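# Inside the fold
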Amino acid sequence: MAAKKQAKAKIKSPVAAKIAPPEGYFGEFGGRFVSELLIPALDELTAAWKKFSTDTKFNKELMGLYNDYAGRPSLLTYAPNLSKNWKAQVYLKREDLLHTGSHKINNTLGQALLAQKMKKTRIIAETGAGQHGVAAATAAALMQIPAHIYMGTEDVRRQALNCFRMRLLGATVAGVGGEHGTLRDAVNEALRDWSKNVDDTYYLIGSPIGPHPYPTIVRTLQSIIGREARGQIMKATGKLPQAVFACVGGGSNAIGMFYAFLKDSKVELIGAEAGGRSLTPGNHSASLTAGKPGVLHGALTYIIQNSEGQVHDVHSISAGLDYPGVSPEHAYLLQQGRTKYVAVRDKQALEAFQELSHSEGVIPALESAHAVAAAKNYVHEQAKKGKKNPLVLICISGRGDKDVQEVERLLAEPAEVETEELPSEPTQFTSLPTVKVVAAGGE
Ligand SMILES: Cc1ncc(COP(=O)(O)O)c(C=O)c1O
């Protein structure tokens, strides 16, 4: 009888069974493709994460920081004017209202607290848009742990304000990667530093990228976004959204938003990648839309690469999306057909940046503007299919203060954001190359 009941329960939740990731891997993606030097540090981190992430005291302390320091729960805002103009019901999850101005604080508070518990005396981090750098420097200041931030030189130029903020917060900032250095160079330098200083240093990674256990740690810390949003939208409307949107750089706000909805099989989960100027190599950073499986920064995932497997230069109007890889969990969810990804051009993101500002009085980060543009395209497509008034939920991952100067410059130079037409169809999964997978230890 008990066995019969169990079998019934299993059949009831096929989605749950399908999405449960094995330890250290998301299907075939993830793992630890790193130098031997880092394995002990990753093992130490895995053990500490296992211990503290299930510890009631640690979780209570973290919730205290989320509520009383970061400003959680973040609001869910109905967007009346976009709703009217788009003929839809549009809700915004307002991560832009958090302390430091983006979702990045969810992750840095959690990892800095972990670093403190692990008795690490130095924090290092990489940053693209500078939002993660600012959030890491903030959390490090709060915990009184010295922080050193790596940032691509091109990003230091584009995000000068955030760079100064990090220094004000007491962190040191190193520009890396030569004249055109971006997030990829910053991650490379941070990994190099960590491999030399594993004893006293905590590497506080900003997205669910890199070797196991980072993708799991960052996703778990960011999953508060979706947990709150799911409850809030149910309370506000009495139903689940038809589709949920989030921008995808490394993938943290998107996986954080999507995670609570994975088992709601009717809810479409759509990631907006940076389609840049066009989908030709060097003009975008849409890893899932236009990349192929490969290894980057210690994980098997989707990356933008040339025919010899070398990582290609990438481009995006927004520094935070300018990365040639993505979380292995997104790669897995794409493979499973549970999530979709669309490429949003620079020009569309710039338009959405202005549209949200005019329509709702909310200036989004350029990264988040990609999600707004993707939602608008989706509503249009739905209308063409005769599906009226869809309920859509958009993650506004951050606020646009850091971007206003760059946007002002770009609006004065429209030629810089001229783009080719892109297909609006979501990506199909491309099959994996044969890769030998190395065991990655526990979750
Ligand atoms: C506001 C904002 N949104 C999104 C991103 C992209 O990161 P992720 O894909 O990890 O959420 C960044 C990165 O810096 C950011 O600053």
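This text goes with the structure placed above it.
Residues numbered from 1 in each chain as written. Predicted model: local features only at pLDDT ≥ 70, side-chain atom pairs only at ≥ 80, totals over all residues.

## Looking at the site of the ligand
Taken together, 21 residues lie near the ligand, and Gln131, Gly249, Ser252, Gly320 and Gly398 sit nearest. Taken together, the elements giving at least two residues each to the shell around the ligand come down to helix H7 (131–143), helix H13 (252–258) and helix H17 (366–384). The greatest single-element share of the shell around the ligand, amounting to 3 residues, is contributed by H13. In terms of residue class, the shell around the ligand is made up of 6 nonpolar, 14 polar and 1 charged. The residue makeup of the shell around the ligand includes at least three contributed by each of domain 1 (33–70 + 104–213) and domain 2 (76–100 + 219–417). (Near = placed C-beta within 6 Å. Helix = DSSP H or I, 4+ residues; strand = E, 2+ residues; numbered from the N terminus. Nonpolar A, V, L, I, M, F, W, Y, C, P; charged D, E, K, R; others polar. Domains from an automatic or database assignment.)

## Focus on the pairing of strand S11 (residues 292–296)
Pairing between S11 and strand S12 (residues 299–303): 5 bridges, direction antiparallel. By the bridge assignment for S12, Pro293 is matched with Tyr302. Here S11 hands over to S12 after 2 residues, with His297 in that stretch at a positive phi of 45°. (Pairing = 2+ DSSP bridges.)

## Quick word on helix H12 (residues 224–237)
The end-to-end C-alpha distance of H12, which contains 14 residues, comes to 20 Å, matching closely the 20 Å that a straight helix rising 1.5 Å per residue would cover. Here H12 has its buried residues at Ile224, Ile225, Gly226, Glu228, Ala229, Arg230 and Ile233. Where H12 ends, the next residue or the one after it, Gly238, has phi of about 80°, a positive value. (Expected span 1.5 Å × (residues − 1). Buried ≥ 20, exposed ≤ 12 C-beta atoms within 10 Å, placed from the backbone.)

## Quick word on the environment of Lys239
Note that Lys239 resides in the loop between H12 and strand S9 (243–247). Owing to 10 C-beta atoms within 10 Å, Lys239 belongs among the exposed residues under this scheme. Residues Lys239 and Leu391 lie 152 residues apart in sequence; the distance between their C-alpha atoms is 9.0 Å.

## Considerations on helix H10 (residues 183–196)
Taking 1.5 Å of rise per residue, 14 residues should cover 20 Å, and H10 covers 20 Å from first to last C-alpha, within 8% of that figure. Inspection of H10 places Leu183, Arg184, Asp185, Ala186, Val187, Glu189, Ala190 and Leu191 among the buried residues, and these make up the whole buried set. Residues of H10 that are buried make contact with strand S5 (122–127), strand S6 (147–152), helix H8 (153–158), strand S7 (172–176) and strand S8 (201–203). (Contact = placed C-beta atoms within 7 Å.)

## So, the sheet that holds S7
Taken in spatial order, the 4 strands line up as S7-S6-S5-S8 in an open sheet, and their pairing is parallel. Edge strands, defined here as strands with exactly one partner in the open sheet, are S7 and S8. Averaged over neighbouring strand pairs, the angle between their axes works out to 25° when direction is ignored. Two strands pair when backbone bridges link them, and S5 and S8 are joined in this way by 3 bridges, in the parallel orientation. When the bridges of S8 are listed, Ile123 appears paired with Tyr202. With respect to the sheet, H10 is in contact with S5, S6, S7 and S8, its orientation differing from that of S5 by roughly 160°. (Axes fitted to C-alpha atoms, helices over the stretch in contact; angles between N-to-C directions.)

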